[in-house]
Amino acid sequence: MEENPISDLNTKQSVSFPTELHPIVKERSDQLIQQSASKGIRVMITDGFRSAEDQDRLYEKGRSTEGTIVTYAKGGESYHNFGLAVDFALKDPSGNVIWDMNFDGNKNGKSDWTEVVVMAKALGFEWGGDWAQFKDYPHLQMDFGLTVADLQNGERPADSSMTVDTNLGKP
């Protein structure tokens, strides 16, 4: 079994890890919901901050537990684990949560999903559907120029209040 980077980092050095969405990611997610609503599109954030333990459980889907593989990131390897990513879905007129990328609920001749992605990118999100390898269509993230390795090593976006230790900062 491979080692969990967060656990390893916690035992080797003092690094505070996030416990919630980064404030900018939260604000932009809220803006995305509002902008989408103004176009007649109902967006729901289905997942935001995810603990390393939750990430490991999700990683096991399609591997040691039933289901389809939905991620290739183990705990500590996802931007969700650092409060920098959200997953979204749409709601149909009945309020059902759907992941139908062709759904045109506002009847303007464009896929609602595509319209949401365009708005998300304008707000600064990177879309998992643009990735060359594993396409993660519901995934939106803001990396603030940091890699997962940077985050594992304790680097955080500037002016971040997403960590338990609010005094943690760059030297």
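Predicted model, so just to flag it, every value in this text is computed and none were measured.

(A) Here's a closer look at the overall build of the protein. Regarding its fold elements, the protein presents five helices and five strands. Element order for the protein, N to C, with α for helix and β for strand: α-α-β-α-β-β-α-β-β-α. Classification of the 171 residues of the protein by burial places 44% in the buried group. The long-range share in the protein, meaning contacts at least 24 apart out of those at least 6 apart in sequence, stands at 63%. Carbon and sulfur atoms provide 50% of the accessible area of the protein, an area that totals close to 9400 Å².

(B) Looking closely at the layout of surface pockets. Each pocket or cavity is described by its volume, and for the largest pocket that value is around 490 Å³. As for the largest pocket, its lining consists of 26 residues, and the residues nearest its centre are Val70, Thr71, Asp87, Phe134 and Asp136. Every element with two or more residues in the lining of the largest pocket is listed here: strand E1 (42–47), helix H3 (52–60) and strand E5 (139–141).

(C) Region of the structure containing unusual backbone geometry. At lysine 107, a residue that is not glycine, the phi angle is positive and equals roughly 55°. What makes lysine 107 exposed here is its relative accessible area of 71%. Of note, the phi angle at phenylalanine 144 is positive, near 55°, even though the residue is not glycine. For phenylalanine 144, the location among the structural elements is in the loop between E5 and helix H5 (148–152).

(D) The packing of aromatic side chains, seen in detail. A full pass over the atoms with the stated rule returns four aromatic pairs. Taking 6.0 Å as the distance between ring centres and 45° as the angle between the ring planes, the aromatic pair formed by phenylalanine 17 and phenylalanine 82 counts as tilted. Of the two residues, phenylalanine 17 is situated in the loop between helix H1 (5–12) and helix H2 (23–38) and phenylalanine 82 in the loop between H3 and strand E2 (85–91); the sequence distance between them amounts to 65 residues. For the pair phenylalanine 17 and phenylalanine 82, a shared accessibility class is recorded, and that class is buried. Above the ring of tyrosine 59, the side-chain terminus of arginine 63 is found at 3.8 Å from the ring centroid. Cation over ring: arginine 156 sits above phenylalanine 17, and NZ or CZ is 5.3 Å from the ring centre.

(E) Up close: the side chain of aspartate 87. With respect to the helices and strands, the residue aspartate 87 is situated in strand E2. Residue class for aspartate 87 comes out buried when judged on its relative accessible area of 11%. In this structure the side chain of aspartate 87 is engaged in a polar contact, spanning 3.4 Å, whose partner is the side chain of histidine 139. The contacts of aspartate 87, once residues within four sequence positions are left out, are Met44, Ile45, Thr46, Asp47, Arg50, His80, Pro138 and His139.

(F) The arrangement of helix H4 (residues 112–122) in detail. Within H4, burial applies to Asp112, Trp113, Glu115, Val116, Val117, Met119 and Ala120. Buried residues along H4 sit against H2, E1, E2, strand E3 (97–98), strand E4 (126–127) and E5. The residue sitting at the N-terminus of H4 and contributing the capping side-chain oxygen is serine 111; that oxygen lies 3.2 Å from the backbone nitrogen of tryptophan 113. Backbone geometry just downstream of H4 places glycine 124 in the positive-phi region, at approximately 105°.

(G) Just the pattern of salt bridges, in detail. For the structure on display, the rule yields five salt bridges. The partner of aspartate 47 in a salt bridge is arginine 50, with the nearest N and O atoms 2.6 Å apart. Residue class for aspartate 47 comes out partly exposed when judged on its relative accessible area of 24%. A salt bridge links aspartate 87 to arginine 50, with the nearest nitrogen and oxygen atoms 3.2 Å apart.

Reading guide: rules and limits
Residues numbered from 1 in each chain as written. Predicted model: local features only at pLDDT ≥ 70, side-chain atom pairs only at ≥ 80, totals over all residues. Heavy atoms only, no water. Helix = DSSP H or I, 4+ residues; strand = E, 2+ residues; numbered from the N terminus. Buried < 20%, exposed > 50% of the residue type's maximum accessible area, 1.4 Å probe, protein only. Contact = heavy atoms within 4.5 Å. Areas by Shrake-Rupley, 256 points an atom, 1.4 Å probe, with all protein chains shown as cover. 1 Å grid on protein atoms, 1.4 Å probe; cavity = no way out; pocket = protein on both sides within 12 Å on 5 of 7 lines; lining within 4 Å. Points joined across faces, edges and corners; volume = space filled by probe spheres on them. Phe/Tyr/Trp six-rings, centres within 6.5 Å; stacked < 30°, edge-to-face > 60°. Lys NZ or Arg CZ within 6 Å of the ring centre and 35° of its normal. Polar contact = N/O pair within 3.5 Å; in protein donor to acceptor, adjacent residues only side chain to side chain. Salt bridge = Lys/Arg side-chain N within 4 Å of Asp/Glu carboxyl O.

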